[in-house]
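Residue-level listing of the chains:
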Amino acid sequence: MSIIGSRERLKKDALGLPQIVASTLANIAPAMSFFFGFGLIVSGAGVAAPITILVAMVVILFLTNTLSEFSKYRPSTGSFVTFIGMAFGPAAGAAASVFVVFGYLVAASSVVVIAGGWAHDTLKLFLGIDIPWQLLSLIATGIVGLLVSRGVALSTTWAAIFFYFELALLLVGAVVMLIVNRASLSLAPFEWSHLTGGLKGIGLGFPIAIYLFIGWENSATLAEETRDPRRNIPRALIIGTISIGLLYIFLAYATEIAFHNNATAIGKSDIPFIDAFKASAAALLIIAYLAGMTSIFSSLLGLTNSQARILFSSGREGLLPRVFGKIHPQHRTPFVAMWSFVLIALAIVVLFGWNAKPVDLYGETGSFGTIPIIITYLITNLALPVYMLRHHRAEFRPLRHAIIPVLGTLLTLFPLWGLVQPGQPAPYNIFPYAALGVLILSIIYGVLLERRDPALVQKIGSYVADEEY
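About the criteria used
Residues numbered from 1 in each chain as written. Predicted model: local features only at pLDDT ≥ 70, side-chain atom pairs only at ≥ 80, totals over all residues. Heavy atoms only, no water. Salt bridge = Lys/Arg side-chain N within 4 Å of Asp/Glu carboxyl O. Helix = DSSP H or I, 4+ residues; strand = E, 2+ residues; numbered from the N terminus. Buried < 20%, exposed > 50% of the residue type's maximum accessible area, 1.4 Å probe, protein only. Patch = residues over 30% accessible without salt bridge, like charges linked within 9 Å, V, L, I, M, F, W, Y side chains within 5 Å. Areas by Shrake-Rupley, 256 points an atom, 1.4 Å probe, with all protein chains shown as cover.

Peer 1: Which parts of the structure should I look at to understand the pattern of salt bridges?
Peer 2: When charged atoms on two side chains of opposite charge get close, those side chains can pair. Scanning the model with the defined rule gives four salt bridges in all. Where Glu 69 meets Arg 400, a salt bridge forms, and the shortest distance between an N and an O atom there is 4.0 Å. Of this pair, Glu 69 sits in helix α3 (residues 49-73) while Arg 400 is found in helix α15 (residues 398-420), placing the two residues 331 residues apart along the sequence. Glu 225 is the salt-bridge partner of Arg 309, the closest N and O atoms lying 2.6 Å from each other. With Arg 309 in helix α12 (residues 286-316) and Glu 225 in the loop between α8 (199-211) and α9 (229-258), this pair connects stretches of sequence that are 84 residues apart. No difference in accessibility class separates Arg 309 from Glu 225, as the two residues are buried. The network of salt bridges with common partners includes Glu 69, Lys 72 and Arg 400.

Dropping the structure here:
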């Protein structure tokens, strides 16, 4: 029996492998990500953009190896925070809790804003109803807060329903485009000769291709509520990454065939999939818009379920204010952390973008929030060999626990550089400095917290997902 009271624990064995895979895929939101990202990938890589997506999937699998290995030994709701803290000490864990939660909050605000924006455009286009996008964002946030706070099984089920509906619509749209444009079928999108600039073309489209996969790590934070987490979390991470990668490649191929492999036209399109579907079957355009709506809503459910749990875990272990570690007595959910998460994300939208265009704010907050997230990926990769040598030296395997994580770190530097490189237009040019400022403040916070609470080292990772309680 654990010394940790059951009142502090989330609901055990509430989720199985299918549920956590669905939650992960919902968090990634393939329709939303692909709609707004594919044109940018083609602008850099050309017709062979699917090759760039394939390379991005392989790189994410390198990162998946790291999270899978950590989850085998220390499955934890704290995910990155726990893993970094166990490897580098409590100060690093506390700093990671501030830094990654900040990144997730800013990135979540991009989903909040586009939820209202996309719903507004869909209602206006097909029903002639003009409801302010701000009000629709508020409604979406409230619904998500209610669902996630009433039970992980309930909210995960709804996220899965929306995701599979989204998936069906995307596949129908892609198949329709291929049938209508069957005369243009070719293997050009997969030929190296059609990759603009060769390796340089991959590099140009690579940061956006990596961005398509953000959310792949969702299942790791559900460890405490998952049956047999040491086995199912790694499986969910791998299944989710490969599944979403193959889906993107198929959607990319169908879109390019519908554009007759015209990379210039794709690059000029704001939303290539929508334009391709409209040109192929305008009467069925509602399918694409519904896919977008369900994608955004399922993403908001998935990310709140997942990312708010890092906030909860950090509060429970004393890395952040303990109020975030409270659990609902009936539903066994981290309701304070969840409501705080979605309301802060909404507040970011209200404060910084109430009068902005939803698409513009989506791009800005998404880019800014991704910088801390990718840096956290990098640090977690480096943490794996340190953790294994400190705590499981006898089971250390050079390839799995050192070479692959280091390669993953090096490869992930490319998308990070794409986000922080000099010469970007405003406000993107200030995001790297703002993220650096948050990182410095996070480190200072971690050092001061460790000095104030020397016992912190015993608290990080103390809530192992599958221990008896």
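Peer 1: Which parts of the structure should I look at to understand a nonpolar patch on the surface?
Peer 2: Taken together, the side chains of Phe 88, Leu 382, Leu 399, Ile 403, Val 406, Leu 407, Leu 410 and Leu 413 make up a nonpolar region of the molecular surface, amounting to roughly 690 Å² of accessible area. The dominant element in the nonpolar patch, judged by the number of residues it contributes, is α15, at six residues. Along the chain, Phe 88 falls in helix α4 (residues 80-88). With a relative accessible area of 39%, Phe 88 lands in the partly exposed category.

Peer 1: Just to check I follow, could you spell out unusual backbone geometry for this structure?
Peer 2: Most peptide bonds take the trans form, and the phi angle of most residues other than glycine is negative. The amide bond that connects Ala 426 to the next residue, Pro 427, takes the cis arrangement and shows omega of 0°. With respect to the element layout, Pro 427 can be found in the loop between α15 and α16 (431-452). One non-glycine residue, Ala 29, lies in positive phi territory at about 55°. One can find Ala 29 in the loop between α1 (17-28) and α2 (30-45). The buried category is assigned to Ala 29, whose relative accessible area is 0%.

Functional significance is not addressed by these values, which are geometric in nature.
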